[in-house]
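Here are the chains, one letter per residue:
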Amino acid sequence: MAVGESQLDSETESGAEDEVEARVGWRYTVARIKQDTTARLGLYIVSFTLFVAMYTLIDSNLSRLTFGQVSDYTFAQLLPFFDHPTHIPPPGEGTQHMPPYFPLAEQSWNPLPAGGTLDHPLGTDHTGRDYFTRVVYGTQVSVFVGLISTFIGLSGGTIIGAVAGYYGGKVDDILMRIVETVYAIPPLILIIVFTVFIGGASIWYAVLGVGIAFIPIFARIIRSQVLSVREMDYIEAAQAAGVKDRNIIMRHVVPNSFAPMLVYATLQIGVTILIVAGLSFLGYGAQPPTPDWGQMLNIAHRNYMHSNIWLSIWPGIAIMITIMGFNLFGDGLQDALDPQIDD
Amino acid sequence: MKLLKYATYRLLQSIPVLIGISVITFLLANLGPGDPVSLMLQGQEQNEQLVRAIEQRYGLNQPLHERYLTYMGGLLEGDLGQSIHYRRPVADLILERVGPTLLLVLSAYAFALITAIPLGVVAADKRNEPSDHASRVAALIGVSTPSFWIGIVLILIFAVKLEWLPSSGLVYPWRPPSTYRSIDGHLELYYQSLRHLLLPMIALGTLQMATIMRVERTQMIESLQGEYVKLARAYGVPERTILRKHAFQVAQLPIVTIVGANLSTAIGGAVIVETVFNINGMGQLFVDAIQQNDYQLMMGVTMMLGVLFVLGVIVTDISYAYIDPRVTYGESE
């Protein structure tokens with residue numbers, strides 16, 4: 001072999017290092033995800049939905065950011081892919097397709113037949129807004145709602161679970177009884193009651209409600225993690241060194257119990273999107289004119305089941321693909337982070 | 001006897017949780033922004049005397065903790081207060097509506113278990129073969145699809161396009177056929193109720209089916225690698241018998257846990273599925289209560305659904321203890 005000795009050395013060295021921390025660490029996790037076909041597919045779907053969500057966010061806010069100076073100009077026109085006959089209207093303001101002969105009469109305006117036209121690939125909704133645009137913009141609501149409420153649940157659950165697990169005893173008892181009680185009310189019911197309690201149907205209240213409703217689940221997981229981490233020697237060492245409890249929890253306990261939480265959080269994003277879609281479907285999530293898949297399905301289901309079945313199909317497919325992405329990615333992450341699973 | 005003792009123990013253990021549920025729902029319902037008095041007087045002239053009289057009648061002039069104690073006192077006697085919107089006792093309304101919801105949830109679970117367990121076993125047996133991949137894709141779709149959309153798609157296919165099945169309502173098998181004018185004879189009644197139940201059952205059961213199938217598959221794979229399976233193989237027990245008996249029985253335990261843990265999802269799902277299929281169950285009652293700002297009814301329904309969930313978990317715990325001989329019934333020995 002014509003390999004230089006130094007090169008060989010460094011290779012074996014790095015090889016040995018890899019061997020030692022072979023099954024932990026970010027690089028290993030990423031490598032595992034890259035190997036796994038389903039996880040990669042999940043990663044692609046998640047990246048795509050995130051991209052669409054961010055893109056529509058920039059696009060729909062552009063006119064507001066520039067005080068209407070370039071109100072007719074959107075990023076969408078820069079990309080031939082999104083090139084649209086008129087322009088992609090910001091959510092809720094796309095009423096310019098409304099034909100003049102049906103002013104404001106929502107019920108009398110029949111949506112375009114299935115399949116739509118070249119101008120409107122998926123047809124239009126009951127007010128004449130392009131359905132494809134609304135489905136695309138719906139990504140924004142679902143993805144951000146999923147991310148934010150999972151984050152609320154995760155941080156709330158981490159604090160409660162870490163405190164309960166670390167201190168044990170009475171603190172643990174009291175916190176866990178409260179958590180169990182909240183857990184015992186079906187999430188959807190709790191969220192709706194909570195939403196009404198803080199002031200009526202709105203997507204932000206729904207997000208907050210979903211986040212709070214999922215605190216118990218995260219708290220239980222992190223607590224059991226903390227219970228096992230608490231017995232470790234390095235915690236005892238920190239205690240002996242006189243480190244404050246709060247610092248021990250934040251610097252040692254939480255980071256060391258975080259890997260399983262990450263997996264769970266990823267899977268939970270899918271569940272959250274599912275629940276918020278259900279909330280919007282019932283009318284307690286996103287309010288019109290915000291384009292939201294659940295709310296679009298609600299309108300389609302109530303009024304257009306017979307006249308245009310496709311209105312009930314597209315948002316559902318969008319929900320399904322988005323959630324599937326997070327589920328696939330979460331499953332892949334789980335396998336990648338689990339050192340006991342072999343390929 | 002031991003089982004009975006365990007059941008009592010679990011029931012007693014759930015009392016703090018039940019009290020907690022009542023406190024949470026009471027606070028959420030009573031501290032909310034809606035004013036029940038003005039709601040009751042909708043369209044009428046509000047005079048001081050009338051408002052006083054209503055407050056007196058519903059005990060709204062008392063301090064919060066006294067109202068809670070009065071409410072709990074009534075609750076123990078089976079009195080959940082009066083619904084403001086329906087002007088009837090909440091307990092009566094719930095009793096009327098709990099049947100359809102139970103029917104829906106239980107049949108959805110039956111559907112999920114009957115389909116998921118064989119599919120999971122087949123997938124584990126034919127691991128990494130096409131049928132395994134197909135079932136995994138199906139499970140993934142099932143986990144990722146909202147129940148209400150499955151309901152909508154089912155209605156579109158089977159009710160709107162094919163016109164095979166009805167798209168809304170339920171026929172209850174326990175009602176005599178005389179209350180349904182077009183149905184004569186009990187067989188016809190059962191047939192009709194099955195026809196009505198089929199679509200909502202599938203819509204609600206798909207998520208459960210997918211979850212159970214995933215667990216069943218992993219459990220069976222694990223179980224098939226167990227020592228006892230190796231032993232059975234060494235003795236020359238046919239592979240079919242191993243699959244059906246040796247490996248299968250052990251793999252069923254976690255399924256019980258999953259069924260219990262997913263019960264709250266199923267109850268929440270029932271609310272939405274009832275809306276899609278226009279079924280007059282607890283879910284519709286809940287949605288009505290919220291829309292009408294009927295705080296008494298909302299409290300009653302929320303508590304009832306919480307109680308249903310807690311009872312469901314206890315039942316699964318007990319059946320777990322019954323199936324698994326290793327469980328010590330929570331006693332310290």
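Chain B is annotated in an unreviewed UniProt entry as Binding-protein-dependent transporters inner membrane component of Natrinema gari JCM 14663. What UniProt records for chain B under Subcellular location (unreviewed entry) is the sentence "Cell membrane". The Sequence similarities (unreviewed entry) comment attached to chain B in UniProt states, word for word, "Belongs to the binding-protein-dependent transport system permease family."

Going by what an unreviewed UniProt entry lists, chain A is known as ABC transporter and is assigned to Natrinema gari JCM 14663. Quoted verbatim from the Sequence similarities (unreviewed entry) heading of the UniProt record, the comment on chain A is "Belongs to the binding-protein-dependent transport system permease family." You can read under Subcellular location (unreviewed entry) in the UniProt record for chain A the words "Cell membrane".

> Break down the pattern of salt bridges for me, citing the residues and quoting the values.
Evaluated as defined, the whole model comprises eight salt bridges over all chains. The partner of E180 of chain A in a salt bridge is R177 of chain A, and the shortest N-O contact between them spans 3.2 Å. Taken as a pair, E180 of chain A and R177 of chain A lie in helix α5 (residues 169-184) at a separation of three residues, close to a single helical turn. Among the residues examined, E180 of chain A registers a relative accessible area of 28% and is labelled partly exposed. You can call R177 of chain A partly exposed: its relative accessible area is 38%. Between R88 of chain B and E96 of chain B there is a salt bridge, with its nearest N and O atoms 2.7 Å apart.

> Explain α5 of chain A to me, and be specific about the residues and the numbers.
The α-helix winds at 3.6 residues per turn, so residues separated by three or four positions along the chain end up facing the same way. The first and last C-alpha atoms of α5 of chain A sit 22 Å apart over 16 residues, in line with the 22 Å expected at 1.5 Å per residue. Listed as buried for α5 of chain A are D172, M176, V179, T181, V182 and A184 of chain A. For α5 of chain A, the elements touching its buried residues are α4 (131-167), α6 (187-197) and α7 (203-230) of chain A together with α2 (15-30) and α15 (295-323) of chain B.

> An account of the packing of helix α10 (residues 258-282) of chain A against helix α12 (residues 314-337) of chain A is needed here, citing residue identities and associated values.
Residues and elements named next belong to chain A. The N-to-C vectors of α10 and α12 enclose an angle of 165°; their axes lie 9 Å apart at closest approach. With respect to each other, α10 and α12 are oriented roughly antiparallel. Judged by the twist between their axes, the crossing of α10 over α12 is left-handed. Each of A259, L262, V263, T266, L267, I269, G270, I273, L274 and A277 in α10 lies in contact with α12, whose residues at this interface are I319, T322, I323, F326, N327, F329, G330, D331, L333, Q334 and L337.

> Give me the interface of chain A and chain B: which residues, what numbers.
Accessible area lost upon the coming together of the parts serves often as the stated size of an interface. Each side of the interface is counted separately: chain A has 39 residues, and chain B has 43 residues. Surface buried jointly by chain A and chain B totals about 3,600 Å² across both partners, of which 83% is contributed by carbon and sulfur atoms. Area buried by chain A at its contact with chain B is led by I189, V193 and F197 of chain A, which between them contribute 15% of it. Remark: the boundary between chain A and chain B carries one salt bridge. Two residues, D331 of chain A and R214 of chain B, come together in a salt bridge whose shortest N-O distance is 2.9 Å. Mapped by element, the contributors of at least two residues to the side of chain A that touches chain B are α5, α6, α10, α11 (293-303) and α12 of chain A. In terms of residue class, the side of chain A that touches chain B is built from 29 nonpolar, eight polar and two charged.

> Go over the confidence of the model for chain A with me, naming the residues and quoting the values.
Residue and element names in this part refer to chain A. Summing up the model confidence of chain A, the mean pLDDT is 72 and the portion of residues at 70 or higher is 70%. The secondary structure element of chain A with the lowest average pLDDT is helix α1 (residues 5-20), at 43, and the one with the highest is α12, at 87. Below a pLDDT of 50 lies the segment residues 1-21, which in the model reaches one contact outside its immediate sequence neighbourhood of four places, other chains included. Throughout residues 62-109 the model reports pLDDT below 50, and contacts reaching past four residues in sequence, or to other chains, amount to 62 contacts.

> Let's hear about unusual backbone geometry: which residues, and what values?
Residues and elements named next belong to chain B. Even without being glycine, N128 reaches a positive phi, approximately 65°. Relative to the helices and strands, N128 is located in the loop between α6 (90-125) and α7 (130-144). For N278, which is not a glycine, the phi torsion comes out positive at approximately 55°. Residue classification places N278 among the partly exposed residues on the basis of a relative accessible area of 48%.

> Can you tell me about the confidence of the model for chain B, naming the residues and giving the values?
Residues and elements named next belong to chain B. Looking at chain B as a whole, the pLDDT averages 81, with 92% of positions reaching at least 70. The weakest mean pLDDT in chain B belongs to helix α3 (residues 36-40) at 67; the strongest belongs to α6 at 89. Taken together, the chains of this predicted complex give a pTM of 0.79 and an interface ipTM of 0.82.

> Describe the UniProt feature "transmembrane region" (unreviewed entry) in chain A, with residues and values.
All names here are of chain A. UniProt records the feature "transmembrane region" (unreviewed entry) for residues 41-58, 141-167, 174-197, 261-287 and 307-329 in the present numbering. Between the C-alpha atoms that bound residues 141-167 the distance is 39 Å, and the span itself is 100% helix and 0% strand. In the segment residues 174-197, helix accounts for 92% and strand for 0%; the C-alpha atoms at its two ends are 24 Å apart.

> Describe the UniProt feature "domain: ABC transmembrane type-1" (unreviewed entry) in chain A, naming the residues involved and giving the relevant values.
Mapped onto this numbering, the UniProt entry gives "domain: ABC transmembrane type-1" (unreviewed entry) at residues 139-330 of chain A. A distance of 19 Å separates the end C-alpha atoms of residues 139-330 of chain A, which is 82% helix and 0% strand.

Conventions and cut-offs
Residues numbered from 1 in each chain as written. Chains lettered and ligands numbered in written order. Predicted model: local features only at pLDDT ≥ 70, side-chain atom pairs only at ≥ 80, totals over all residues. Heavy atoms only, no water. UniProt positions renumbered as here; feature names shortened; annotations may be inferred. Salt bridge = Lys/Arg side-chain N within 4 Å of Asp/Glu carboxyl O. Helix = DSSP H or I, 4+ residues; strand = E, 2+ residues; numbered from the N terminus. Buried < 20%, exposed > 50% of the residue type's maximum accessible area, 1.4 Å probe, protein only. Expected span 1.5 Å × (residues − 1). Contact = heavy atoms within 4.5 Å. Axes fitted to C-alpha atoms, helices over the stretch in contact; angles between N-to-C directions. Parallel < 35°, antiparallel > 145°, perpendicular 65-115°, else oblique. Left-handed = near helix turned anticlockwise from the far one by under 90°. Buried area = accessible area lost by both parts, 1.4 Å probe. Nonpolar A, V, L, I, M, F, W, Y, C, P; charged D, E, K, R; others polar. pLDDT = per-residue confidence, 0-100.

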